[in-house]
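Notes for the structure review
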Amino acid sequence: MAIERTFSILKPDATRRNLTGKINAKFEEAGLRIVAQRRIQMTTAMAESFYGVHRERGFFRDLVTFMTSGPVVVQVLEGENAVLANREIMGATNPANAAPGTIRKEFAESIEANSVHGSDSPENAAIEIAYFFAGCDITG
C-alpha cells in the first residue's frame, strides 16, 4: 500500500447546503487526511480550463454553469491509496447507483449536483492538485 495524494472538490450543491463538515468527516473517518483546503468561487475561465477534457461533450456547458453557480471547496487528501479510497467514499457518479453510506448516496441531489469531484488516477490527481495548489500550500 502506498501513501498518495488525491484531489477533491466539494461542489456548489454541497457548500450551499452546509455539508462540508459532514463530507469531510467521511474522508477522515476512512483514514484520509486533508492536507490542503481552500474555499473558492470558480470563474467561468477556471471551470472551462479545469474541465477542458470534456469540452466536446454535450454536458460541458451545463457543468461549467453548475460549477460556477456557488462556492466550492478544493482540497488535497492524503492516505493509503488515496485515489481509490476517495473514489470508494464518493460512490458512483449517478447517486441512484451509489452504494449505501457513500457521499453521493447520502448527499447528492442529481447526477450533476452530486456533491463531490475526485481524481480518477494518480496522474490526474497530480495535475488537478497543481491546478489549484502550489507545493507550499500543502502540509504533510
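Scoring rules and cut-offs
- Counting restarts for each chain, with residues numbered from 1 along the sequence as it is written.
- Two thresholds apply to this predicted model, a pLDDT of at least 70 for residue-level local features and 80 or more for giving and counting side-chain atom pairs, whereas whole-chain, interface and lining totals are computed over all residues.
- Side-chain figures throughout are based on the complete set of non-hydrogen atoms in the structure, without hydrogens or water.
- Here a cavity means grid points, on a 1 Å grid over the protein atoms only, where a 1.4 Å probe fits yet cannot get out; a pocket means an open set of points with protein on both sides within 12 Å along at least five of seven lines; lining residues are those with an atom within 4 Å of a point.
- Grid points are joined across faces, edges and corners, and a volume is the space filled by probe spheres set on the points.
- Helix and strand definitions follow DSSP, with helices as H or I runs of at least four residues and strands as E runs of at least two, each counted in order from the N terminus.
- Any residue that is not Ala, Val, Leu, Ile, Met, Phe, Trp, Tyr, Cys, Pro, Asp, Glu, Lys or Arg is counted as polar, Gly included; the first ten are nonpolar and the last four charged.
- For the purposes of this section, nonpolar cores are sets of buried Ala, Val, Leu, Ile, Met, Phe, Trp, Tyr and Cys residues that join through side-chain atoms within 4.5 Å.
- Note on exposure labels: buried denotes an accessible area under 20% of the residue type's maximum, exposed denotes more than 50%, and partly exposed covers the range between, all computed with a 1.4 Å probe on protein chains only.
- Whether two residues touch is decided by their heavy atoms; if any such pair falls within 4.5 Å, the residues are in contact.

Its volume calculated, the largest pocket comes out at about 710 Å³. Of all the secondary structure elements, the ones that give two or more residues to the lining of the largest pocket are β4 (116-118) and α7 (122-132). By residue number, the principal contributor to the lining of the largest pocket is α7, which donates 4 residues. Considering only residue class, the lining of the largest pocket consists of 8 nonpolar, 7 polar and 7 charged.

Grouped together as the largest cluster of nonpolar side chains are 22 residues, with contacts concentrated most on Phe7, Ile9, Met42, Met67, Val74, Phe132 and Phe133. Where this core is concerned, the elements lending two or more residues are β1 (3-10), β2 (33-40), α3 (44-50), α4 (60-67), β3 (72-80) and α7. The element best represented in this core is α4, accounting for 5 residues. Ignoring sequence-local partners within four residues, the contact set of Phe133 consists of Phe7, Ala36, Gln37, Arg38, Val74, Gln75, Val76 and Ile138. Counting residues in hydrophobic clusters, the runner-up holds 15 residues, among them Leu19, Phe27, Met90 and Ile103.

Read these as geometric descriptors, not functional statements.
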